[in-house]
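If you want the building blocks of each chain, they are given just below.
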Amino acid sequence: MNKKKHTFFLKAGKFLVLAFYLIMVILPIYWMLVTSLKSRLEIFGSEITYWPKVLSFQNYIDLFGTTNFLTYVKNSVIIATVTGLAVLFFALSGGYALARFRFRGKRVLLIAFLISQMIPTTLLLIPSYLIILKLKLNNTIWSLML
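Residue indices begin from 1 for each chain and proceed along its sequence in written order. With the structure being a predicted model, the display of local features is reserved for residues of pLDDT at least 70 and the display and counting of side-chain atom pairs for 80 or more, all residues being used for whole-chain, interface and lining totals. Excluding hydrogens and water, the side-chain values take into account all heavy atoms of the structure.

Draft legend 1. Structural context of the pattern of salt bridges. Salt-bridge detection follows one rule: a side-chain nitrogen of Lys or Arg within 4 Å of a carboxyl oxygen of Asp or Glu. In this structure the tally under the stated criterion is two salt bridges. For Arg40, the salt bridge goes to Asp62, with nearest N and O atoms at 3.8 Å. Of this pair, Arg40 sits in helix α2 (residues 40-44) while Asp62 sits in helix α3 (residues 58-66), and the two are 22 residues apart along the sequence. Notably, a salt bridge pairs Glu47 with Lys53, separated by 3.4 Å at the nearest N-O pair. Only DSSP runs of H or I with at least four residues qualify as helices, and only runs of E with at least two residues qualify as strands; both kinds are numbered from the N terminus onward.

Now the structure itself:
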């Protein structure tokens, strides 16, 4: 097999893998959008439809009419933004210090960071909850950010 054919098959294989991955990523989003535009009868019916027979925006009317959906979205955006910026700041500062400076205990600190990654996060839930209770931050946005 010459080099041109080998390159063609390599590119075709990469394309097929990426196309399959793209379909696997887009398919659930498509299904969620299409299902949101179906009526309840069509959603829970025995026949599977890949496109709604009749477009229905009743699900969106129910969502915005009966819940505080926009408040929930606003809270999520605030929490994600503040948490992301805080983590970014502390990670960049710590990473820069560990990469650039030499100090006593640097190796021990790096090993401690590695060991801390081995602790399952679920083991930290109860102590974290107790700390949040002592700080009187339960049922607040700040507790989620911490």
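Draft legend 2. Representation of the packing of aromatic side chains in the model. The pairing test for Phe, Tyr and Trp rings, Trp by its six-membered ring, is centres within 6.5 Å, and the orientation test on the planes gives stacked under 30 degrees, edge-to-face over 60, and tilted for anything in between. Taken as a whole and judged by the stated rule, the model has five aromatic pairs. Ring plane angle 85° and centroid distance 5.5 Å describe the contact between Phe64 and Phe69, whose orientation is recorded as edge-to-face. The ring of Trp31 is capped by Lys38, whose NZ or CZ atom sits 4.8 Å from the centre of that ring. Think of it as a cone above the ring: NZ of Lys or CZ of Arg counts as a charge over the ring if it is within 6 Å of the ring centre and within 35 degrees of the ring normal.

Draft legend 3. Highlighting unusual backbone geometry. The backbone of Lys136 sits at a positive phi, close to 55°, despite the residue not being glycine. Locating Lys136 in the fold gives a position in the loop between α6 (125-134) and α7 (141-145). The phi dihedral of Asn139 is positive, around 60°, even though this residue is not glycine. Mapped onto the fold, Asn139 is located in the loop between α6 and α7.

Draft legend 4. Representation of the side chain of Glu42. Relative to the elements of secondary structure, Glu42 occurs in helix α2. Throughout, exposure labels follow a simple rule: accessible area from a 1.4 Å probe, protein chains only, divided by the maximum for the residue type, with under 20% read as buried, over 50% as exposed, and the rest as partly exposed. Positive charges come from Lys and Arg alone, negative charges from Asp and Glu alone, with His and the N- and C-terminal ends not counted. Within the buried set, Glu42 has no salt-bridge partner at all; the shortest N-O distance to an opposite charge, 5.1 Å, is to Lys38. By definition in these notes, contact holds between two residues if any of their heavy atoms fall within 4.5 Å. For Glu42, the residues in contact, after removing those within four places along its chain, are Glu47, Thr49, Trp51, Pro52, Lys53 and Val54.

Shape descriptors only; they carry no functional weight alone.
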